[in-house]
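Here's the letter readout for the chains.
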Amino acid sequence: MAGGGFVVGGGGNYGGSITVFVIVTCVVAAMGGLIFGYDIGISGGVTSMQPFLAKFFPSVLEKMKSNEAHENAYCKFNSHLLTLFTSSLYLAALVASFFASTITRVFGRKPTMFFGGLVFLAGSILNGVAESVLVLIIGRLLLGVGVGFANQSVPVYLSEMAPAKIRGALNMGFQMAITIGILMANLVNYGTSKIKGGYGWRVSLALAGVPAIMMTVGAIFLPDTPNSILERGNPEKARKMLEKIRGTKNVEEEYQDLLQASEAAKKVEHPWRNILQPRYRPQLVICSVIPFFQQLTGINVIMFYAPVLFLTLGFGDEASLMSAVITGVVNVVATLVSIFTVDKFGRRILFLEGGFQMIFCQIAVGVMLGLKFGVNGVGTISGTEANVVLFLICAYVAAFAWSWGPLGWLVPSEICPLEIRSAGQAINVSVNMFFTFVIAQGFLAMLCHMKFGLFFFFAAFVMIMTTFVALFLPETKNVPIEEINRVWKAHWFWGKYIPDDAVIGGGIDESSGRV
């Protein structure tokens, strides 16, 4: 070590290859993202269906059809009870993530995924048969527990199973599954909206059971990660699993790093108290700030309420659902861009480029809405102008999908040493869910009161967070997950918090010349 810098060690060249086994297990595990994505996509479509509104939220439907809807385009759907339908899930997920943290650490990543899928399945059944708002909300709360458990366990599982050189791509399988879930939901909503008899919304909500079953069954057959097996005191079993997923017996170097990290982790009796120590300050800040910023991009305004937003902009019922499908397709394709580039170009460049593109698109949409609808929300928008707005929103979604979308889950899951990993991921999930709840609950009221300025509001936050990334987020590309502390130690700001003995499982390996 000299001048706060470290030599990049041999950890990036661990023995082994990218095996079919590890690819398959990561693909199966990533299906946990389907339940989260499906719910994000299904909510907005269902809340724009008139039969659903007539049964549960008749006052909103009356308001839409009244003269007030024509007087102020921004306030058509403003209802706290309606937004509670969407946002209650995320409040439940916030609470569940803390329980999931303990289960992940004590019993492993697999049981956490299994339980999450099972509870999500129960919630989807309740929502499909609901006859009252109370049953509807209880179903949403159960869905939230499922999401909290899945979001706690899946990103950690993927980061621990993946080789360092493709960890970014495999971890992003979770975000890819989220985007596929959103697209599936948008397509389902488009189809069920055409069902005669007014029960299409039931089909939309009940079909959430399909990804839940996939995740539950998948979790039964998944192997546990070597990190988790070591954490639970089975070193020989962990070594065999590491050999299996790396496809070679030559895993001594990586195994020793895992063993050192596990021994250090066992000395920590209270990970929640431990993560507050100065030596974990970088991880605590990043695991708190990244999910906060991810929600303040405004993406869930688009994903939750895309059909509602497009209806507000003057699209017809069918056109609004189809526009949501288009943004869903863009989301999936752009996430593929991130998967193929994140381990080649790194995390920072995607964060920064995505930030600049989102800022431009949000300001442009805000200007267009301001010119067409003004402060009073009175006005019309032509077909060409509506298409321009749709294009800008798609460009914004694309930028998010290859930057803050997948990286918001990848970076927090890979930066924490084993002794605080479950606590760090719980903080990541809970902060994410809390601000998802705040945005989901407040968006329709914010749109009604802030009007087109809402897009400027989110653009300002994207400016702040892009600056934060430029200054405070180090590059973690191709760095083995158990060696991540050397990245913090070399950083101009965070280095002062990291003691020398924190590098690689509690020490510097002088014999190999590695840090």
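Residues numbered from 1 in each chain as written. Predicted model: local features only at pLDDT ≥ 70, side-chain atom pairs only at ≥ 80, totals over all residues. Heavy atoms only, no water.

Visitor: Looking at this model, I keep getting lost on the packing of helix α2 (residues 32-46) against helix α8 (residues 133-161). Mind explaining?
Guide: How two helices sit against one another is set out by the angle between their axes and by the gap between those axes. It is the contact of α2 with α8, at a shortest axis distance of 8 Å, that shows an interaxial angle of 140°. When the axes of α2 and α8 are compared, the pair comes out oblique. Where α2 crosses over α8, the two elements pack in a sense that is left-handed. On α8, the residues that touch Gly-32, Ile-35, Phe-36, Asp-39 and Ser-43 of α2 are Arg-140, Leu-143, Gly-146, Val-147, Ala-150, Asn-151 and Val-154. The residue inventory of the contact of α2 with α8, partitioned by class, reads six nonpolar, four polar and two charged. (Axes fitted to C-alpha atoms, helices over the stretch in contact; angles between N-to-C directions. Helix = DSSP H or I, 4+ residues; strand = E, 2+ residues; numbered from the N terminus. Parallel < 35°, antiparallel > 145°, perpendicular 65-115°, else oblique. Left-handed = near helix turned anticlockwise from the far one by under 90°. Contact = heavy atoms within 4.5 Å. Nonpolar A, V, L, I, M, F, W, Y, C, P; charged D, E, K, R; others polar.)

Visitor: Just to check I follow, could you spell out the nonpolar core for this structure?
Guide: Nonpolar side chains in soluble globular proteins tend to end up buried together. Phe-36, Phe-52, Phe-57, Met-113, Leu-205 and Met-433 are the most contacted members of the largest nonpolar core, which has 71 residues in total. Excluding residues that lie within four positions of it along the chain, Met-433 makes contacts with Phe-36, Tyr-90, Ala-93, Leu-94, Val-147, Asn-151 and Trp-409. Ranked by size, the runner-up nonpolar core spans 69 residues in total, among them Cys-287, Leu-369, Val-479 and Ala-502. (Core = buried A, V, L, I, M, F, W, Y, C linked by side-chain atoms within 4.5 Å. Buried < 20%, exposed > 50% of the residue type's maximum accessible area, 1.4 Å probe, protein only.)

Visitor: I'm lost on the pattern of salt bridges in this one. Help?
Guide: Once their charged atoms are close, side chains differing in charge can pair, the charge on each being opposite to the other. Summed over the entire model, instances satisfying the criterion amount to 15 salt bridges. For Glu-131, the salt bridge is made with Arg-202, and the minimal N-O distance between the two is 2.9 Å. With Glu-131 in the loop between α7 (109-129) and α8 and Arg-202 in helix α11 (residues 200-206), the pair connects residues that are 71 residues apart, well separated along the chain. For the salt bridge of Arg-167 with Glu-414, the shortest nitrogen-to-oxygen distance reads 2.8 Å. (Salt bridge = Lys/Arg side-chain N within 4 Å of Asp/Glu carboxyl O.)

Visitor: Got a minute to help me understand the packing of aromatic side chains in this structure?
Guide: Centre-to-centre distance and the angle between the planes together describe a pair of aromatic rings. Per the counting criterion, the structure on display carries 28 aromatic pairs. Considering the side-chain rings of Phe-292 and Phe-461, the 6.2 Å spacing of their centres and the 80° angle between planes classify their relative orientation as edge-to-face. Of the two residues, Phe-292 is situated in helix α17 (residues 281-296) and Phe-461 in helix α24 (residues 453-472); the sequence distance between them amounts to 169 residues. Over the ring of Phe-56 we find Lys-55; its NZ or CZ atom is 5.9 Å from the centre of that ring. The cationic tip of Arg-239 hangs over the ring face of Tyr-255; the distance from NZ or CZ to the ring centre is 5.0 Å. (Phe/Tyr/Trp six-rings, centres within 6.5 Å; stacked < 30°, edge-to-face > 60°. Lys NZ or Arg CZ within 6 Å of the ring centre and 35° of its normal.)

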